[in-house]
Amino acid sequence: MGTPKEHVEEIRRNKFSIGKERPNPLIEDLHQAVKNLSIELYTKDVHFLMELIQNAEDNLYSEGVNPSLEFIITSKDITATGAPATLLIFNNEKGFSPKNIESICSVGRSTKKGKRSSGYIGEKGIGFKSVFLVTTQPYIFSNGYQIRFNDKPCPQCGLGDIVPEWVEEKPILQDIKQIYGAGDDSLPTTTVVLPLKPDKVKPVKQQLSSIHPEVLLFLSKIRHLSVKEDNEDPNLNTVTAISISSEINFMTRKNMNAESYTLHLSAGENGSSEKECSYYMWKQKFPVRLENIVERRMDVEEWVVTLAFPNQERLHRGMSSPGVYSFLPTEMVTNFPFIIQADFVLASSRETILLDDKWNHGILECVPSAFVDAFKTLVIGSDQAPVSSLAQMFKFIPSDSSPYENLNCVREKIKAKLLEESIIPVETYNKQKHFCKPSEVGRLLPEFWNLLTEARGEGLYLHNLSSHDGSKILSSSLDVSQYNGVLNFLGLQQVKFDWYAKCIQGSNLVAGVSQ
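Residues numbered from 1 in each chain as written. Predicted model: local features only at pLDDT ≥ 70, side-chain atom pairs only at ≥ 80, totals over all residues. Heavy atoms only, no water.

Asks: Got a minute to help me understand the packing of aromatic side chains in this structure?
Replies: When we look at a pair of aromatic rings, we describe it by the centre distance and by the angle of the planes. Under the defined criterion, the tally for this structure stands at 15 aromatic pairs. Aromatic pair Trp303 and Trp359: ring centres 5.6 Å apart, planes at 70 degrees, arrangement edge-to-face. Of this pair, Trp303 sits in strand E11 (residues 302–310) while Trp359 sits in helix H7 (residues 358–379); the two residues are 56 residues apart in sequence, bridging distant segments of the chain. Since its relative accessible area comes to 2%, Trp303 is described here as buried. For the pair Phe309 and Phe396, a centre-to-centre distance of 5.0 Å together with 65 degrees between the ring planes defines the contact as edge-to-face. With Phe309 in strand E11 and Phe396 in the loop between helix H8 (387–390) and helix H9 (405–419), the pair connects residues that are 87 residues apart, well separated along the chain. Taken individually, Phe309 and Phe396 each receive the classification buried, so the pair is uniform in this respect. A cation over an aromatic ring shows up here: Lys415 above the ring of Phe489, its NZ or CZ 5.2 Å from the ring centre. (Phe/Tyr/Trp six-rings, centres within 6.5 Å; stacked < 30°, edge-to-face > 60°. Helix = DSSP H or I, 4+ residues; strand = E, 2+ residues; numbered from the N terminus. Buried < 20%, exposed > 50% of the residue type's maximum accessible area, 1.4 Å probe, protein only. Lys NZ or Arg CZ within 6 Å of the ring centre and 35° of its normal.)

Asks: What should I look at first to understand the sheet that holds strand E17 (residues 441–443) in this one?
Replies: By definition, the strands of a sheet pair up through backbone hydrogen bonds, in either a parallel or an antiparallel sense. Overall, parallel pairing links the three strands, which are arranged E18-E17-E19 in an open sheet. The open sheet has two edge strands with one neighbour each: strand E18 (472–473) and strand E19 (493–494). Across two bridges, E17 lies against E19 in parallel orientation. Along E19, the bridge assignment pairs Arg443 with Gln494. (Pairing = 2+ DSSP bridges.)

Asks: Teacher, can you tell me more about the nonpolar core here?
Replies: General note: in soluble globular proteins, nonpolar side chains tend to be found buried as a group. Grouped together as the largest cluster of nonpolar side chains are 71 residues, with contacts concentrated most on Phe16, Phe71, Leu87, Leu217, Leu225 and Tyr279. In terms of residue count, the dominant contributor to this core is helix H3 (residues 48–58) (six residues). Once residues lying within four places of it in the same chain are set aside, the contact partners of Phe16 are Ile11, Ile27, Leu30, Cys105, Cys157, Leu159, Ile162, Val163 and Pro164. One finds Ile340, Ile363, Leu407 and Leu492 within the second-largest nonpolar core, a separate group that totals 58 residues. (Core = buried A, V, L, I, M, F, W, Y, C linked by side-chain atoms within 4.5 Å. Contact = heavy atoms within 4.5 Å.)

No statement about biological role is implied by the geometric values presented.
Listed below in structure tokens is the structure:
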């Protein structure tokens, strides 16, 4: 194969019969395929930005590279097409190979097909073609290729969307470098340039401004994503700039068929100071059951369920916080204090998972086991952590109901499993930790805890608090009002009043306390 330009000319000649006397007999089939693509694009509510982020996640990166995706929107008409605004996308991937170029000049011939189990996350096979929702002429600069496509039919073959044209003039790389701010330095390997349709400028700016800061949470490759606007007059900027970075703490703990690690996200808007949140991540594998197999996931043998437990306030930019991801966020707000990620089958709009899909049912059946295993590791597996630090883990229990009935079923199954586990820390008045089942543990009135605290202050310790009627007493660090919702969810009751009488009679509590 010759130069990139010669390769493009070869595609035009052999595939699209441009410059040949006899047309390719398959041209009619290609006409129909392109027509079907157009119908699919415009009848489905495709989110083109999410398609581009998926593409970047599926790309290959050289070792030592910090995978990044950058969006810059500018009012400069660098393509000389008369566009009121242009969106540029920069990605430091390995770049387009000849095979990738041939794939993008086709319909339904993705180089990722059948590779779902290898970690590719693209879903609908639309991918790059989704850019035709916002532009009539997308440009690609990568590994020596400089090509554009046009949604208008090519005069020589009558086909649109998939016929490559070599870019001779505008935009030139110097114009792109100026916008990127590269100076004399090189650009990232791949640059996509989209002169926007006039009626798409505002919606694209809105989509850019509403990229969720947790978008990188479950992506395994991309570690940095940024959005900014480039105008001659910065006062005209209307896009909310954001820079999002993720970093994994590789203190990974592997146990059973699961692994856990900590992920740190940081996001700064319009140059302001960054906000940060760390997430305890629990990733667990489950075998796919025969009754849940669907055609579009035929090559997948394991479900990988990842749960994210935020240690601080979640990053949200004033938006709602999605509770379900399929690598990228859906718009499902679950009311759960943790986030569920798996390879769910999505509605075409990406807004929700398909709740009546048997594949998704199978994944949701695994969530209660994953949650309980993660929770037990957080609470019981924290050998060095004092009991007082364990209480905050209980905020991850989904005590509030969800607006989604399927997720309420998940919540009830989590509850049923937790009730069978010794996960409740009981008061021992020493450094030893002891855990019991929720049904074996009772709560005390706040006034009585005050009395016990006063007694301890005067040197009086009740080491046998649990011996008065067989009930274990909930750890004082957890027996506070902020955990009432969780404790009620788990069915913890106040001890009976005769317990107090037995406790006072069986100890020198009254005599030992001055007040």
